[in-house]
2 protein chains.
Amino acid sequence: MRVLGVDPGLTRCGIGVVEGVAGRPLTMIGVGVVRTPSDADLGHRLVAVEQGIEQWLDEHRPEYVAVERVFSQHNVRTVMGTAQASAVAILCASRRGIPVALHTPSEVKAAVTGSGRADKAQVGAMVTRLLRLAAPPKPADAADALALAICHIWRAPAQNRLQQAVALHAPRAPRTPPVPKGRTT
Amino acid sequence: MRVLGVDPGLTRCGIGVVEGVAGRPLTMIGVGVVRTPSDADLGHRLVAVEQGIEQWLDEHRPEYVAVERVFSQHNVRTVMGTAQASAVAILCASRRGIPVALHTPSEVKAAVTGSGRADKAQVGAMVTRLLRLAAPPKPADAADALALAICHIWRAPAQNRLQQAVALHAPRAPRTPPVPKGRTT
């Protein structure tokens, strides 16, 4: 199973691609960061995030995309950019029919370190060990994206059985709703 | 000047197209709502919002898109969907090179009613009067989208002079940043 993890952000959007199955050693396929200039306007930044993610999807053809679930309890300024970058990542994957899974930061930390409250250094150390890397991926957003992908591979067996059961009883892609429009008189 | 206003939302995304210039009677070109089923998954909803907005842009070819600026002070659950739907609207416009303006709810209310604290009924009544409609557009999201477009037309002269001044001193479209990737060893 090949999973592309996304740690969403406008300034740095971490991307990590991992291949493997639960219970076997995992392989890192690629890691990096899509950056957009903080002085550009929001529209141009979202277009740049879209182009960056499209390039990663084109190059690595993941079977699943795992995106960090954004909560609005965090810093007010940051969370909006994070939510908007995550929307672009989810949109890019869904347009291609790639299933998208959302995992919370504590699910990811618990998956790779055993504790939902682990700090960034601990996550980086475990990602380095689990993927047999020479050094922790930098910046932290890149390591977090790999952790998301690992989390998805380990949690996937249960989730996939659930999705398959749901898919048996519902059409997979909902129809686009009609767009009511026209002049109101 | 033709402006497409977007009141972003996943369940109901209000769209309103208004044509005119400040100081002259305005004309409503179209109004409606892009809806997505609340039981569909987030990815399919974002794809449906994108398709709906693309249809509106194709049909009405606005020169500007005005989107409500989202704040995270509101309801925690709602605000994430609103932020994500607004990201899709901003992305669709920016991909086409259409300038996007963000206006806060109180700017919009102040523009059309004279008070930043006006309620929905008051906004609906003023939109109806300013566009010489027979009845207030329903649902409220559609009326809000028209109010956004009106707000942009009225505020645009000052904003456009500012944008033109900025454009003279900076390249208009930022280059897409390179996507660093590859195996870290």
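Residues numbered from 1 in each chain as written. Chains lettered and ligands numbered in written order. Predicted model: local features only at pLDDT ≥ 70, side-chain atom pairs only at ≥ 80, totals over all residues. Heavy atoms only, no water.

**Here's the deal with the sheet that holds strand β1 (residues 2-7) of chain A**
Residues and elements named next belong to chain A. Here is the rule: Two strands form a pair only when DSSP identifies at least two bridges running between them. Only DSSP runs of H or I with at least four residues qualify as helices, and only runs of E with at least two residues qualify as strands; both kinds are numbered from the N terminus onward. Here an angle of 0 to 180 degrees is reported between the N-to-C directions of two axes, which are lines fitted to C-alpha atoms, with helices fitted over the stretch in contact. Only heavy atoms matter for contacts: two residues are in contact if any of them lie within 4.5 Å across the pair.
Spatial strand order, β3-β2-β1-β4-β5: 5 strands in an open sheet with mixed pairing. On the outer flanks of this sheet lie β3 (27-35) and β5 (100-103), each paired with one strand and no other. Averaged over all pairs of adjacent strands, the angle between strand axes in this sheet comes to 20°, irrespective of strand direction. Relative to β3, strand β2 (residues 12-19) runs antiparallel, the two being bridged by 8 bridges. Across the sheet, the residue bridging to Gly14 is Val33, located in β3. Here helix α1 (residues 42-60) sits on the sheet in contact with β1, β2, β3 and β4 (64-68), set at roughly 165° to β3.

**Thoughts on the UniProt feature "binding site: Mg(2+) 1" (unreviewed entry) in chain A**
Residue and element names in this part refer to chain A. Applicable threshold: UniProt positions are given in the numbering used here, feature names are shortened, and annotations may be inferred rather than shown by experiment. Think of it in three bands: with a 1.4 Å probe and only protein chains considered, a residue is buried below 20% of the maximum accessible area for its type, exposed above 50%, and partly exposed in between.
Residues given the UniProt feature "binding site: Mg(2+) 1" (unreviewed entry) here are Asp7 and Asp141. Annotated residues spanning 135 residues; largest pairwise C-alpha distance 6.0 Å, indicating a single compact cluster. Here Asp7 shows up in strand β1. Its relative accessible area of 7% is what places Asp7 among the buried residues.

**Description of the pattern of salt bridges**
Close approach of charged atoms allows side chains with opposite charge to pair. Selection criterion: Whenever Lys or Arg places a side-chain nitrogen within 4 Å of a carboxyl oxygen from Asp or Glu, that contact is recorded as a salt bridge.
Across all of its chains, the model carries 20 salt bridges over all chains by this definition. In this structure, Arg95 of chain A engages Glu50 of chain B in a salt bridge whose closest nitrogen and oxygen atoms are separated by 2.5 Å. Residue Arg95 of chain A is found in helix α2 (residues 76-95), and its partner Glu50 of chain B is found in helix α1 (residues 42-60); the two belong to separate chains. Note on Arg95 of chain A: relative accessible area 32%, which makes it partly exposed. Looking at Glu50 of chain B, the relative accessible area reads 7%, which means it is buried. Bridged by salt links that share partners, the residues Glu50, Glu54, Asp58, Arg61, Arg95 and Arg96 of chain A together with Glu50, Glu54, Asp58, Arg61, Arg95 and Arg96 of chain B form one connected network.

**Describing the pairing of β1 of chain A**
All names here are of chain A. β1 sits mainly inside the fold: 6 of its 6 residues count as buried. The side-chain alternation of β1 yields two buried faces, one formed by Arg2, Leu4 and Val6 and the other by Val3, Gly5 and Asp7. By the bridge criterion, 6 bridges tie β1 to β2 in an arrangement that is antiparallel. Within β2, the position partnered with Gly5 by the bridge is Gly16.

**Considerations on helix α4 (residues 120-130) of chain B**
Structural remark: α-helix, 3.6 residues per turn; residues separated by three or four positions point the same way. Residues and elements named next belong to chain B. Applied cut-off: Directions drawn from the helix axis to the C-beta atoms are what define this arc.
Residues of α4 that are buried: Val123, Gly124, Val127 and Thr128. Seen along its axis, α4 keeps its buried residues to an arc of 135°; they face one direction. For α4, the exposed residues set more than 90 degrees away from the buried face come down to Ala121 and Arg129. Two residues or fewer after α4 comes Arg132, characterised by a positive phi angle close to 50°.

**What about the sheet that holds strand β1 (residues 2-7) of chain B?**
All names here are of chain B. Taken in spatial order, the 5 strands line up as β3-β2-β1-β4-β5 in an open sheet, and their pairing is mixed. The open sheet has two edge strands, β3 (27-35) and β5 (100-103), and neither has a second partner. Neighbour to neighbour, the strand axes of the sheet diverge by 20° on average, direction disregarded. Pairing analysis gives 4 bridges linking β1 to strand β4 (residues 64-68), with the strands arranged parallel.

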